[in-house]
Amino acid sequence: MRKFATLGVSVCFLMAFGPVRAWGQAGSQYWPTWRGPARTGVSAQANPPTIWSESENIKWKVKLTGDGSNSSPVIWENKIFFETAVETDVKGTPAAPASGNSKGGRSPGGSPPSNVYKFNLVCLDRNSGGVLWEKTVREELPHEGHHGDHGFASFSPVTDGKLVWAYFGSRGLHCFDVDGNLKWSKDLGKMNTVMSFGEGGSLAVAGDAAIVVMDHEGDSAIYAVNKTTGELIWKKDRDEPTSWATPLPLEVNGKIQVVTSATNLIRSYDLETGELIWQCAGQTRNVIPSPVAGFGMVYCASGYQGSSLQAIELGRKGDLSGTDAVKWHVKEATPYVPCPLLYGDKLYVCSGNQAIISCYNAKTGEPYFVKEKLADISGIYSSGAGAAGRVYFAGRNGVTYVLKHSEKLEVLAVNKLDDKFECSPAFVGNELYLKGKENLYCIAGN
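Residues numbered from 1 in each chain as written. Predicted model: local features only at pLDDT ≥ 70, side-chain atom pairs only at ≥ 80, totals over all residues. Heavy atoms only, no water.

A. Layout of the nonpolar core. Counting 31 residues, the largest nonpolar core has Trp52, Ile80, Phe427, Tyr433, Leu434 and Leu440 as its most contacted members. No other element matches the 4 residues that strand β36 (residues 439-444) contributes to this core. Contact partners of tyrosine 433, with chain neighbours within four places excluded, come to Trp60, Ile75, Ile80, Arg126, Ser424, Pro425, Ala426, Val428, Tyr441 and Cys442. One finds Val158, Cys175, Val212 and Ala221 within the second-largest nonpolar core, a separate group that totals 18 residues. (Core = buried A, V, L, I, M, F, W, Y, C linked by side-chain atoms within 4.5 Å. Buried < 20%, exposed > 50% of the residue type's maximum accessible area, 1.4 Å probe, protein only. Helix = DSSP H or I, 4+ residues; strand = E, 2+ residues; numbered from the N terminus. Contact = heavy atoms within 4.5 Å.)

B. Focus on the layout of surface pockets. The volume enclosed by the largest pocket comes to roughly 580 Å³. Residues belonging to the lining of the largest pocket are distributed by class as follows: 11 nonpolar, 16 polar and 3 charged. (1 Å grid on protein atoms, 1.4 Å probe; cavity = no way out; pocket = protein on both sides within 12 Å on 5 of 7 lines; lining within 4 Å. Points joined across faces, edges and corners; volume = space filled by probe spheres on them. Nonpolar A, V, L, I, M, F, W, Y, C, P; charged D, E, K, R; others polar.)

C. Layout of the pattern of salt bridges. Within the structure shown, the criterion is met by 17 salt bridges. Measuring nitrogen to oxygen at the nearest pair gives 3.1 Å for the salt bridge that ties arginine 126 to glutamate 431. Placement of arginine 126 in the loop between β7 (115-125) and β8 (131-140) and of glutamate 431 in strand β35 (residues 431-435) is noted, with a sequence separation of 305 residues between them. In this structure, arginine 126 and glutamate 431 share a single accessibility class: buried. Salt-bridge contacts for glutamate 275 lead to lysine 236; the nearest nitrogen and oxygen are separated by 3.1 Å. In this pair, glutamate 275 is assigned in the loop between β19 (266-270) and β20 (276-280) and lysine 236 in strand β16 (residues 232-237), connecting sequence segments 39 residues apart. According to the relative accessible area criterion, lysine 236 is partly exposed, its value standing at 25%. Put simply, Arg138, Glu140, Asp187 and Lys190 are held in one network by salt bridges that share partners. (Salt bridge = Lys/Arg side-chain N within 4 Å of Asp/Glu carboxyl O.)

D. Structural detail: the environment of leucine 265. Inspection of the secondary structure puts leucine 265 in the loop between β18 (255-260) and β19. Exposure remark for leucine 265: the relative accessible area of 15% places this residue in the buried category. Residues leucine 265 and tryptophan 278, spaced 13 residues apart in sequence, show a C-alpha to C-alpha distance of 9.8 Å. Residues within four places of leucine 265 in sequence aside, it is in contact with Glu240, Thr260, Gln279, Cys280 and Ala281.

Written as structure tokens, this is what we have:
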């Protein structure tokens, strides 16, 4: 039997009462993975600014190159990592749209490009924003287009302070050390997304494994790859159409399982063997929000052509659909793109892609407040984040609301920058990082 070690210097952060823990990483003062140290969107140690503008509390601002505006940054010590796709002048022959993904010869999600792209992992100096290194993992002509609201590099990497894992979907899974030396690369095949909307579900790393979900219009599957060598540990086929949710590793009763949220079923796999532990129906189409966990439950949300926010009790087995394992279920005003934010006993969600916020008691599902509008935000893709008793929601028009973490909606500040934000905020120490369409901001000072 394969023994699964910790992720580098990782530990488990207690996220629930009882024998359930979210699989997080040590050095919780950093932001090592999508959605932060415990994958809830919260930093327990940071104290970021409340107020800023283009002329106030900006430590540095750097211009971004390439198409990586949806790759949220991860941070360890003095290094910031994110992914990007850089269009070159090299021309190629565009691929024909995948069968069933086009209308009249054009894909609703965007036609296949005619220019070759470089798919890069970028490392910046946290102190200055300067480029420490940038490595090209692939240089190729993408075989399909993408939705106009994102690009070819909408994935976020993962780091443990020694290694960095970067998943680029159809462009493979890659591992570098933090100095930019390639350790291994693995090709997992090409994806064909619904209506050529594009790829973007990030990877997770736990135990000995880097975990990737490839749900698309072809042969969907989940992979566990040895994080050190790149060798395949296991692969399990999935009966799922395209989804974009990042898998969530959890320790339940002393063993790690991996929860995936998708259109047909929420599923949980044994990390060591890949065997299915439980499944549960109840989400909508086009699942994008990633699960979060706490209080002995995992929370899964979606909001396309319907609304669903389910709290599912962990520690169960089998088909949980329609059983008392679903502790509570909300069927209105749930998110399409943004992930839920779990902060203490409060679970915050957006309505669709609008800055209309609801907050529920994570234990009981009782509402603290429902459908409160953040009037100055026009559209929201970024997921909320929490630190120092405050909640941050960044909008697509450059406006960020800072709310008090409380049982009612209380606005502390409304801040505007000259950019558009679709990446989620990241916190380290007294600094807030906001990555926009054009710039990456380091915001410090109050």
